[in-house]
Amino acid sequence: MIYTKFVKLTLLLGVSAFSFTLCAQTDEATALKEIAEHRKKQEAEFRDANKSPLEKKERKKFKGLNYYPADLKYRVKATFVKNETPVLFKMKTTTDRLPDYVKYGDVYFLLDGEDYKLEVYQSPDLMKRPGFEDYLFIPFTDETNGHETYDVGRYIEFHIPTTDEVIVDFNQCYNPYCSYNTGYSCPIPPAANHLPVEIKAGEKKYKSGLLH
């Protein structure tokens, strides 16, 4: 039955089953490569004395970060809606610091057949730095926090999109630096960005001296 529907779909689209399958496989391979490259870059930064959040002693025994296996179910197509009336607000952090942020927009997506929304934020101070002009981020919490993932929440890097059709890849979500070093002050995800579901993707809790 599934195969019959697949053949009918390919005939309607005017493409061969082979080309349709090849395209899907290529997209999947590209996505997995992006995830692998993201993790490779992240771990390289943790080994770099100039970029790592780890203390020198901790960095010397660093064996790698702790991730969920890549799962493309958590790479979701989303609709981005820009906030046309942004208002500056103070975002809470893990310290008494209260940096300025604006809600830049929202992303709407489906996961396991359920509708979800996350707010996207922009730092007016950060956007003034070279290379960060289009930088946005999505801090969020979910039902894995405090168990398999960092208690405070996790982040996803985002950039000002050129279209309302975007990809949100939870496989690339990461822990804030304060999860590795108490010397950092990290934004706490606002309550609006809590997902009442387990997001079993991306980075897990850091384990000192982790062996692969």
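Throughout this document, residue positions are counted from 1 along each chain, in the order its sequence is written. At least 70 in pLDDT is required for a residue's local features to be given in this predicted model, at least 80 for side-chain atom pairs to be given and counted, and no such filter applies to totals for whole chains, interfaces and linings, which use all residues. Side-chain descriptors were evaluated using all non-hydrogen atoms of the structure, hydrogens and water having been removed beforehand.

Undergrad: Could you give an account of the overall build of the protein chain, naming the residues involved and the relevant values?
TA: Secondary structure elements are defined from DSSP: runs of H or I of at least 4 residues count as helices, runs of E of at least 2 residues count as strands, and each element is numbered from the N terminus. Helix and strand counts for the protein chain come out as 3 helices and 7 strands. Start at the N end of the protein chain and walk to the C end: the helices and strands fall as α-α-α-β-β-β-β-β-β-β. Within the protein chain, the proportion of its 212 residues that are buried is 40%. Residue contacts are defined here by distance: any two heavy atoms, one from each residue, within 4.5 Å place the two residues in contact. Excluding contacts between residues fewer than 6 apart, the proportion of contacts in the protein chain whose partners are at least 24 apart in sequence is 62%. Per-residue accessibility takes into account occlusion by the displayed protein chains alone, with areas from the Shrake-Rupley method and a 1.4 Å probe. Of the accessible surface of the protein chain, which amounts to about 12,700 Å², a share of 55% is contributed by carbon and sulfur atoms. For every residue, the accessible area (1.4 Å probe, protein chains only) is compared with the maximum for its type, and the residue is labelled buried under 20%, exposed over 50%, or partly exposed between those bounds.

Undergrad: Would you mind going over the environment of leucine 118 in detail, with residue names and values included?
TA: Here leucine 118 shows up in strand β4 (residues 114-122). Leucine 118 gets classed as buried once you look at its relative accessible area, which sits at 0%. Linking leucine 118 and valine 107, residues 11 residues apart in sequence, is a C-alpha distance of 5.4 Å.

Undergrad: Break down the pairing of strand β1 (residues 75-82) for me, citing the residues and quoting the values.
TA: A pair of strands is labelled paired if DSSP reports no fewer than 2 bridges between them. Sheet topology places β1 next to strand β7 (residues 165-169); 5 bridges connect them, and they run antiparallel. Along β7, the bridge assignment pairs arginine 75 with aspartate 169. The sheet contact formed by β1 and strand β3 (residues 100-111) spans 5 bridges and is antiparallel. Among the inter-strand pairings, lysine 82 is bridged to a residue of β3, identified as glycine 105.

Undergrad: Break down the pattern of salt bridges for me, with residues and values.
TA: By convention in these notes, a salt bridge is any Lys or Arg side-chain nitrogen within 4 Å of a carboxyl oxygen on Asp or Glu. Applying the stated criterion across every chain yields a total of 12 salt bridges. Lysine 61 is the partner of glutamate 58 in a salt bridge, and the nearest nitrogen-oxygen pair spans 3.8 Å. The class of lysine 61 is partly exposed, set by a relative accessible area of 38%. Of the charged contacts, one joins glutamate 119 and lysine 103 as a salt bridge, the two residues approaching to 3.7 Å between their closest N and O atoms. Of this pair, glutamate 119 sits in strand β4 while lysine 103 sits in strand β3, placing them 16 residues apart in sequence. Residue glutamate 119 is classed as buried on the basis of its relative accessible area of 14%. By relative accessible area, which is 22% here, lysine 103 ends up partly exposed.

Undergrad: So what's going on with the pairing of β4? Which residues, and what values?
TA: Relative to β4, β3 is paired through 9 bridges, and the arrangement is antiparallel. Bridge assignment links lysine 103 to a residue of β4, and that residue is tyrosine 121. With antiparallel pairing between neighbouring strands as the criterion, β3 and β4 make up a hairpin whose turn holds 2 residues, including aspartate 112 at a positive phi of roughly 55°.

Undergrad: How would you sum up the nonpolar core? Please name residues and give values.
TA: One recurring pattern in soluble globular proteins: nonpolar side chains tend to sit buried together. In terms of nonpolar packing, the biggest core is built from 23 residues, with Val107, Phe109, Phe158 and Phe170 touching the most fellow members. Among the elements of the structure, β1, β3, β4, β5 (135-140), β6 (154-159) and β7 are those that each provide at least two residues to this core. Top element by residues in this core is β3. It accounts for 4 residues. Aside from chain neighbours lying at most four places away, what touches valine 107 is Ala78, Thr79, Phe80, Tyr116, Lys117, Leu118, Val120, Ile138, Phe158, Val166 and Val168. In this structure, Phe137, Tyr150, Tyr155 and Cys186 belong to the second largest nonpolar core, which totals 11 residues. We define a nonpolar core as any set of buried Ala, Val, Leu, Ile, Met, Phe, Trp, Tyr and Cys residues linked to one another through side-chain atoms lying within 4.5 Å.

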